[in-house]
Amino acid sequence: MNDKYSSSTITEDGRLLLKKMEREGVESVWDRFQAQLPNCGYCEMGLSCRICVMGPCRIDPFGEGPQRGVCGADADIMVARNLGRMIAAGAASHSDHGRDLVEVLGKVAVNEAPGYQLRDVEKLKRVAAEFGITADGKKPNQIAAELSDAMAEEYGTRKKELTLVKRAPAKRQEIWRKLGVAPRGIDRETSEMMHRTHMGVDNDWKSLLLHGIRNSLSDGWGGSMIATEVSDILFGTPKPGVTKVNAGVLKKDQVNIIVHGHNPVVSEMLLHACQDPDLLKMAKDKGANGINLAGVCCTGNELLMRAGIPMAGNHLTTELVLATGAVDMMVVDYQCIMPSLGTVAACYHTKMVSTSDKARFPGMEHQEFHPENAAAKAKTLVKDAIANFDRRGEVFIPVESVECMGGFSVEAIVGALGGTPKPLIDAIAAGKIRGAVGIVGCNNPRIKQDYGHVTLTQRLIENDILVVDTGCASVATAKAGFKQSKALEKAGPGLKEVCGALGVPPVLHVGSCVDNVRILVLASALANALGVDISDLPIAGAAPEWYSEKAATIGVYFVASGVYTVLGPMPPITGSMNIVKLLTEGLNDAVGATFAVEADPEKAAVLIRTHIEGKRKKLGLPHMQV
Ligand code: SF4
Ligand code: MSK
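What comes next is a walk through the structure. Fair warning: this is a prediction, and the values are worked out from it, not measured in the lab. (Residues numbered from 1 in each chain as written. Chains lettered and ligands numbered in written order. Predicted model: local features only at pLDDT ≥ 70, side-chain atom pairs only at ≥ 80, totals over all residues. Heavy atoms only, no water.)

### Digging into the sheet that holds strand β14 (residues 539-543)
(1) Moving on: Here six strands make up an open sheet; going across it, the order is β13-β12-β11-β14-β15-β16 and the pairing parallel. Looking at which strands have only one partner, the edges of the open sheet turn out to be β13 (507-511) and β16 (595-597). Neighbour-to-neighbour, the strand axes of the sheet open up by a mean angle of 25 degrees, direction not taken into account.
(2) Moving on: Where β14 lies against strand β15 (residues 565-567), three bridges are found, and the strand directions are parallel. In the sheet register, A543 faces β15, and the bridge partner there is L567. (Pairing = 2+ DSSP bridges. Helix = DSSP H or I, 4+ residues; strand = E, 2+ residues; numbered from the N terminus. Axes fitted to C-alpha atoms, helices over the stretch in contact; angles between N-to-C directions.)

Structure, rendered in structure tokens:
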């Protein structure tokens, strides 16, 4: 098939729903993408600036027009400032999400968050100990109160370094200290980036980029890490479980509610409400055979990981699922929620509800959730969704759902290995597993939906490389069937043998986009067990279809943590060859890892395999020519 639908997405549900939207005259993200072409070349290269109102300014990359902005900023300064602000926005988003969870933890501690509980008290104690909080004789609530306070302080701390930096291997911490990039307060680094990039502050592109590294680390080893740890404490540390993915998870005969966004605080309460016997009876009285809660994007991933809730799709599926006509309500929190969704929903019967005080959208009813009222509010929303069930028009659920295994927290992975990372290290040393790659990030209409994730994953696992994935990448590979035992047939013989013996698929779902920190923790555990740094390991990262500022920040903290990372889409930096060279070569001397940019996942796979074999050689392990 070679029509416009198959050039937009590799998924069958996507193609069929996109076709339906077009037939019905409903505009999609792909239509709007086409309408924007050709993109502004200055912006694509990072050579436009609107930081102040002496501008906006732009620099001519061909050397014929202006070479400086009104203030005198050259191409290097302009690109570095733009990139710095991108990193700051990404760090702010993930870390503010972490702060919201810390506040819920504090409310739970003083019994002001009815319905929420401390689900993993052992983890609460473990994490509290890292913050210097002893558990002796204290009730869990008291520990939670102290931990919530200690974590809140990390945001504006007066300490020298963030607490969780200590989780990194000692050699890595030393590198950061020597470079002067060990992160201090979480908010401080983001705030300082905004300060440095104001006109007339930091006008040394190298110094700006160094602070970009520190800013990204304040997220990866700070705000995002706090988000993941507190989510585990409040909602349970994920354990492997089986569920279903793609638009086929929607049920024709049930009330369908979809949760979208990133923060599990609202969706957790909706999950409880969907199991409420009175509400189930109400649904039955309306003629529905139950209430089906499903997710999209990372709120979906949070529920999939912990409760096995089915997943309807990833970023570019969020408009498409509405076109099924089967979604009675979509409840959103924040991040990655396209402002178009209310308009699309208005073409069907879907009721759209926003829930966060900091995220409102056109065409959505706003029902603000706070820890104090969340349980009651969730019930009201479920009632509203039930009431919407008989307003449905035509329902089109295009495909059967696909089975997928999720729930691979670091604790679950180490548990599956028998309580120690040693079996994984032995398998890597013996060459049965050549290495491991974290595939992360979004969908982006610049790339055929899921093509980058799925192609790269296939090429890696068939070459005995274990894949761990998060965010929308993890949904892409789940839809393609990589997260079931049958997928071992697609893996190379060594990976097949090891994963087969452990009863896990060759591609492990480690969570949402804040959960990329689980990859850092796992890499640290492997490095510490071997007595080396993260940059010595035969591992890599990839973001084949990234679009968001958060993904840019993740990429920078991966590289700064020593993980070679291959990006699909090019970031807006090509206006400065100095910066391109620093990010793709120079960083090796500073942090032992670099970025590469390769839009073709076949070629990206070769880059990654070459890198992994190079690291194996340096470690004295059997290696091969790629
Ligand atoms: Fe122009 Fe400088 Fe103002 Fe940017 S900061 S808009 S380059 S004058
Ligand atoms: S939801 S940041 S599109 S992964 Fe986390 Fe997906 Fe990327 Fe959003």
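### Topic: the layout of surface pockets
(1) Moving on: Volume-wise, the largest pocket comes out at about 1,400 Å³.
(2) Moving on: Around the largest pocket, the lining is made up of 44 residues, and of these M86, R446, Y547, E549 and P572 lie nearest the centre.
(3) Moving on: Put simply, the parts of the chain that give the lining of the largest pocket at least two residues each are α2 (29-35), α3 (41-45), β1 (48-49), α4 (75-109) and α21 (549-560).
(4) Moving on: Residue contributions to the lining of the largest pocket peak at seven residues, all from α4.
(5) Moving on: Each residue belonging to the lining of the largest pocket can be placed in one class, and the counts come to 24 nonpolar, 12 polar and eight charged. (1 Å grid on protein atoms, 1.4 Å probe; cavity = no way out; pocket = protein on both sides within 12 Å on 5 of 7 lines; lining within 4 Å. Points joined across faces, edges and corners; volume = space filled by probe spheres on them. Nonpolar A, V, L, I, M, F, W, Y, C, P; charged D, E, K, R; others polar.)

### Observations concerning the site of ligand 2
(1) Moving on: Lining the immediate surroundings of ligand 2 are 13 residues, of which H262, C336, C442, C472 and C513 lie closest.
(2) Moving on: Elements that contribute at least two residues to the shell around ligand 2 include exactly α12 (297-307) and α18 (471-479).
(3) Moving on: Broken down by class, the residue content of the shell around ligand 2 amounts to seven nonpolar, five polar and one charged.
(4) Moving on: Split by domain, the residues of the shell around ligand 2 number at least three in each of domain 3 (247-391) and domain 4 (408-618). (Near = heavy atom within 4 Å. Domains from an automatic or database assignment.)

### Here's the deal with empty space enclosed by the protein
(1) Moving on: One pass over the full model with this rule turns up seven cavities of 30 Å³ or more.
(2) Moving on: For the largest cavity, the calculated volume is near 140 Å³.
(3) Moving on: What lines the largest cavity is a set of 15 residues, among which A436, V468, I519, L522 and I539 lie closest to the centre.
(4) Moving on: Counting residues per element, the ones that place at least two in the lining of the largest cavity are β11 (435-439), β12 (465-470), α20 (516-530) and β14.
(5) Moving on: In terms of residue count, α20 provides more of the lining of the largest cavity than any other element does, four residues in total.
(6) Moving on: Each residue belonging to the lining of the largest cavity can be placed in one class, and the counts come to 14 nonpolar, one polar and no charged.
(7) Moving on: Here the second largest cavity is characterised by a volume of approximately 110 Å³.
(8) Moving on: Every residue along the wall of the second largest cavity is listed here: F408, I413, A416, L417, L424, I433, L466, V498, C499, L502, V504 and L508.

### Topic: the site of ligand 1
(1) Moving on: The environment of ligand 1 is formed by C49, I51, C52, M54, G55, C57, G69, V70, C71, M78, R81 and M199.
(2) Moving on: Grouping the constituent residues of the shell around ligand 1 by class yields nine nonpolar, two polar and one charged.
(3) Moving on: Split by domain, the residues of the shell around ligand 1 number at least three in each of domain 1 (4-58) and domain 2 (75-235).

### Thoughts on helix α9 (residues 205-235)
(1) Moving on: Look at α9: 42 Å from first C-alpha to last across 31 residues, which is about the 45 Å you get at 1.5 Å a residue.
(2) Moving on: At M225, α9 shows its strongest bend, of approximately 40 degrees.
(3) Moving on: Counting buried residues in α9 gives 28 out of 31 residues, a clear majority hidden from the surface.
(4) Moving on: Once α9 ends, the next one or two residues include G236, with phi positive near 105 degrees. (Expected span 1.5 Å × (residues − 1). Bend = angle between axes of the 7 residues up to and from the residue. Buried < 20%, exposed > 50% of the residue type's maximum accessible area, 1.4 Å probe, protein only.)

### Things to note about α18
(1) Moving on: In terms of burial, α18 is largely enclosed, as nine of its nine residues are buried.
(2) Moving on: A positive phi of about 85 degrees marks G481, the residue just after α18.

### Considerations on the pattern of salt bridges
(1) Moving on: As enumerated under the stated definition, the model contains 49 salt bridges in all.
(2) Moving on: A salt bridge links R32 to E319; its shortest N-O distance comes to 2.6 Å. Pair noted here: R32 is in helix α2 and E319 is in the loop between β6 (311-313) and β7 (329-332), with a separation of 287 residues, a long-range link.
(3) Moving on: Relative accessible area serves as the criterion here: at 24%, R32 is assigned to the partly exposed category. (Salt bridge = Lys/Arg side-chain N within 4 Å of Asp/Glu carboxyl O.)

### Description of the packing of aromatic side chains
(1) Moving on: Inspection of every chain in the model, using the stated rule, returns three aromatic pairs.
(2) Moving on: Ring centres of W176 and W221 lie 5.6 Å apart, and the angle between their planes is 65 degrees; this geometry places the pair in the edge-to-face category. Note that W176 is positioned in helix α7 (residues 170-179) and W221 in helix α9, a separation of 45 residues in sequence. Considered together, W176 and W221 belong to a single accessibility category, that of buried residues.
(3) Moving on: Above the face of the Y451 ring, K448 is positioned so that its terminal group lies 5.9 Å from the ring centre.
(4) Moving on: Note that K490 overlies the ring of F482, its terminal NZ or CZ placed 4.4 Å from the centroid. (Phe/Tyr/Trp six-rings, centres within 6.5 Å; stacked < 30°, edge-to-face > 60°. Lys NZ or Arg CZ within 6 Å of the ring centre and 35° of its normal.)

### So, the side chain of N314
(1) Moving on: Mapping N314 onto the fold places it in the loop between β6 and β7.
(2) Moving on: A distance of 2.9 Å separates polar atoms of two side chains, one belonging to N314 and the other to D450.
(3) Moving on: Apart from the residues lying within four places of it in its own chain, the contact partners of N314 are C297, N443, Q449, D450, C472, V475, A476 and K479. (Polar contact = N/O pair within 3.5 Å; in protein donor to acceptor, adjacent residues only side chain to side chain. Contact = heavy atoms within 4.5 Å.)

### As for unusual backbone geometry
(1) Moving on: Following L37, the chain continues to P38 via a peptide bond in cis, the omega torsion being -5 degrees.
(2) Moving on: When you line up the elements, P38 lands in the loop between α2 and α3.
(3) Moving on: Along the chain, G55 connects to P56 via a cis peptide bond; the corresponding omega equals 10 degrees.
(4) Moving on: Among the structural elements, P56 can be located in the loop between β1 and β2 (57-58).
(5) Moving on: Positive phi is not limited to glycine here, since N246 has a value of about 95 degrees.

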